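# Structure assessment
So the chains spell out like this:
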Amino acid sequence: GRVADVQKMAEIKAEERNVNPEPTDAQKEAGNYAKGHIKVRSLDITIENAKGSTRKGKDAKGNAWKVRMNNTYGYFKRTQGKDGDQIDVFLGENPESGKIFVVDQIRKTGDSKLFDEHKVMMGFKSSKEAKKAYLSNYSKGWDGLGAITEMSEEQFKEWLGDGTRTK
């Protein structure tokens, strides 16, 4: 319920204080900078970017980008997504709700759209709310949003399976 969400959000906020807000490119590449750690509904999550912080990097073409994070952002520990990194997650205001939405992020190559990786939206009340939050964490005009699939916590844990998600 609401009380559990408020308590979990306080825990998340406390852990966000442990995150280094300005890691160097080398630290980002190696992953060796201070992060937060939280357990949400029995899932171990590492927090890389606090809500309200700025996430930045370079795209495949070397162009710099930066975006303000409207949600806490991190990854599920001990998982592996298609990009070889852990599976990413955005946390909403209702982390104890048990609702989980999985976004198929896509990328355009010429005229075709290819599956890129999954982004998990956890703590959102509806698919519409998850979609809005997902888009709010990217630059205006971002076209990486593919299908969104709602899963129960049990289905999600099964989906995470052996920790490898490549399709």
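Refer to the structure printed above.
These lines cover the structure that appears in this document, whether it is placed above or below.

What counts, and where the lines are drawn
Residues numbered from 1 in each chain as written. Predicted model: local features only at pLDDT ≥ 70, side-chain atom pairs only at ≥ 80, totals over all residues. Heavy atoms only, no water. Buried < 20%, exposed > 50% of the residue type's maximum accessible area, 1.4 Å probe, protein only. Helix = DSSP H or I, 4+ residues; strand = E, 2+ residues; numbered from the N terminus. Arc of directions from axis to C-beta. Salt bridge = Lys/Arg side-chain N within 4 Å of Asp/Glu carboxyl O. Pairing = 2+ DSSP bridges. Axes fitted to C-alpha atoms, helices over the stretch in contact; angles between N-to-C directions. Contact = heavy atoms within 4.5 Å.

## Comments concerning helix H3 (residues 127-136)
For H3, the complete set of buried residues consists of Ala 130, Ala 133 and Tyr 134. Looking straight down H3, one finds that the buried residues subtend no more than 100° of arc, so they occupy a single side. For H3, the exposed residues set more than 90 degrees away from the buried face come down to Lys 128 and Lys 132.

## Overview of the pattern of salt bridges
Once their charged atoms are close, side chains differing in charge can pair, the charge on each being opposite to the other. One pass over the structure, following the stated rule, counts 15 salt bridges. In this structure, the salt-bridge partner of Glu 93 is Lys 51, at a minimum N-O distance of 2.7 Å. Pair noted here: Glu 93 is in the loop between strand E6 (88-91) and strand E7 (100-109) and Lys 51 is in the loop between strand E2 (43-49) and strand E3 (54-58), with a separation of 42 residues, a long-range link. Residue class for Lys 51 comes out partly exposed when judged on its relative accessible area of 38%. One continuous salt-bridge network, built from bridges that share partners, spans Lys 8, Glu 11 and Glu 96.

## Observations regarding the sheet that holds strand E8 (residues 112-122)
Spatial ordering of the open sheet is given by E1-E2-E5-E6-E8-E7-E9, a layout of seven strands whose pairing is mixed. Strands with a single pairing partner mark the edges of an open sheet, and in this sheet they are strand E1 (36-40) and strand E9 (145-151). In this sheet, neighbouring strand axes are inclined to one another by 35° on average, regardless of whether the strands run parallel or antiparallel. As defined by bridge partners, E6 adjoins E8 across four bridges and the pair is classed as parallel. Paired with Phe 90 across the bridge in E8 is Met 121. Of the strands in this sheet, E2, strand E5 (72-76), E7, E8 and E9 are in contact with helix H4 (residues 153-160), which crosses E9 at around 120°.

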